[in-house]
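Examination of the molecular architecture
Chain by chain, the residues:
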Amino acid sequence: MGLYEFFYEYFVLPIKENQGYNPVNTIAYAIILGIAVLLLYRMLKRMEIKVDNRFFRALIPYIILGPLMRSMTDVGILPRTYLTVSPGGYFVIAAFAIASLFAVWKHCPGERLYPLYRDFGWILVGGLLFVLVINLDNVSFNPAVFRYFIPALLVSEAFIWLLSRKFALVSDNSILFYTHFYDATTTFVGIQFLGFWEQHVLARWLIDAFGTAAVMYLEKFLILLPVVWILDREMKEEDPDLINFVKLTIFILGFGPGTRNLLIMLMGG
């Protein structure tokens, strides 16, 4: 198999035919993500932008853009191209977010950066929402999703709340556990009750092995627990901005797919 055939089979074909992820592209995308996190962290350090609550609030609209664009693609409002589905769509949003941040920083450094960066992001979200509104005839809203989603979410988040009262590691990182259990809930509901399927390799294998999408909660917990242990215990002497940026990335990896799943279910995708 030549290089072109290899790339086409493992990277192009899965996107073209909506096959989901495979072990090869999963590893490749994970490596790209790791490199991107380190490069973005270094960029923020050079720009003297701290990864704190101000930065997080300014980043919220850009975090919403990804799942909103992907869900609108999956229900047919936006054209399905390599730049609107995973992972291309998230690369596009990341490029928008980075370019916007650099442009605002270049012309308005200091405290003015955060509100201007945030507002520009909300303008982009507003543009996508406008496209959604004028295409509502193409959306089959399915409120029955809440019949399954809300009870499952309440039970799963209550479990995290109970753990956070007993274990400091969970309490200190509760937002990450809450967010990833929200993601797990959307996967559980979509697969267990609404006929959706899992795109990720490990999760797909676990669901097949255990016979239920409820195993997603266990997967999320067993992956997240050692990660936050390493960040909080083994890397506590590292730069706090690096730790915060890694945790921000983990948050996005839970919130983005979870919100995309929920929106697709609600819009009848």
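This text follows the structure it describes.
Residues numbered from 1 in each chain as written. Predicted model: local features only at pLDDT ≥ 70, side-chain atom pairs only at ≥ 80, totals over all residues. Heavy atoms only, no water.

**A look at the overall build of the chain**
This is how the line gets drawn: Helix and strand labels come from DSSP, where a helix needs a run of H or I of at least four residues and a strand needs a run of E of at least two; each type is numbered from the N terminus. The size measure is the radius of gyration over C-alpha atoms, and the globule rule it meets is 2.2 Å times the number of residues to the 0.38 power. Under the scheme applied here, a residue whose accessible area is under 20% of the maximum for its type counts as buried, over 50% as exposed, and between as partly exposed, the area being computed with a 1.4 Å probe on protein chains only. In what follows, residue pairs with any heavy atoms lying within 4.5 Å of each other are defined as contacts. Only the protein chains shown count as cover for residues, with accessible areas throughout obtained via the Shrake-Rupley method and a probe of 1.4 Å. The charge count includes Lys and Arg as positive and Asp and Glu as negative, but it does not include His or the ends of the chains. Charged side chains are reduced to one point each, which is NZ for Lys, CZ for Arg, CG for Asp and CD for Glu.
Scanning the chain from N- to C-terminus turns up 11 helices and zero strands. Since a compact globule built from 269 residues should have a radius of gyration of about 18 Å, the 19 Å found for the chain is in line with a globular shape. Seen along its three principal axes, the alpha-carbon backbone of the chain occupies a region of about 50 × 45 × 45 Å. Expressed as a percentage of its 269 residues, the buried residues of the chain come to 43%. Long-range contacts, defined here as pairs at least 24 residues apart, represent 70% of the contacts in the chain between residues at least 6 apart. Accessible surface computed for the chain: about 14,800 Å², of which carbon and sulfur atoms make up 69%. Placing the 21 positive and 21 negative side-chain charges of the chain at their respective mean positions leaves the two points 5 Å apart.

**Some details on the pattern of salt bridges**
Rules: Throughout this description, the term salt bridge denotes a Lys or Arg side-chain nitrogen within 4 Å of a carboxyl oxygen of Asp or Glu.
Within the structure shown, the criterion is met by 10 salt bridges. Close ionic contact of Asp-232 with Lys-247 constitutes a salt bridge, the shortest N to O distance being 2.7 Å. Taken together, the residues span a long stretch of sequence, with Asp-232 in helix α10 (residues 215–234) and Lys-247 in helix α11 (residues 240–266) at a distance of 15 residues. Judged by its relative accessible area of 17%, Lys-247 falls in the buried class.

**Some words on the layout of surface pockets**
Where we set the bar: Cavities and pockets were defined on a 1 Å grid built from protein atoms only: a cavity is a group of points that admits a 1.4 Å probe but offers it no way out, a pocket is an open group of points flanked by protein on both sides within 12 Å along at least five of seven lines, and a lining residue is one with an atom within 4 Å of any such point. Grid points are joined across faces, edges and corners, and a volume is the space filled by probe spheres set on the points. Here the nonpolar group is Ala, Val, Leu, Ile, Met, Phe, Trp, Tyr, Cys and Pro; Asp, Glu, Lys and Arg are the charged ones; every other residue, Gly included, is treated as polar.
Of the volumes computed, that of the second largest pocket is approximately 330 Å³. What lines the second largest pocket is simply Val-51, Asp-52, Asn-53, Phe-56, Asp-172, Asn-173, Ile-175, Leu-176, Asn-244, Lys-247, Leu-248 and Phe-251. Those elements giving two or more residues to the lining of the second largest pocket turn out to be α3 (53–74), α8 (174–194) and α11. Top element by residues in the lining of the second largest pocket is α11. It accounts for four residues. Residue classes in the lining of the second largest pocket are distributed as six nonpolar, three polar and three charged.

Interpretation note: all reported values are geometric properties and have no functional meaning in isolation.
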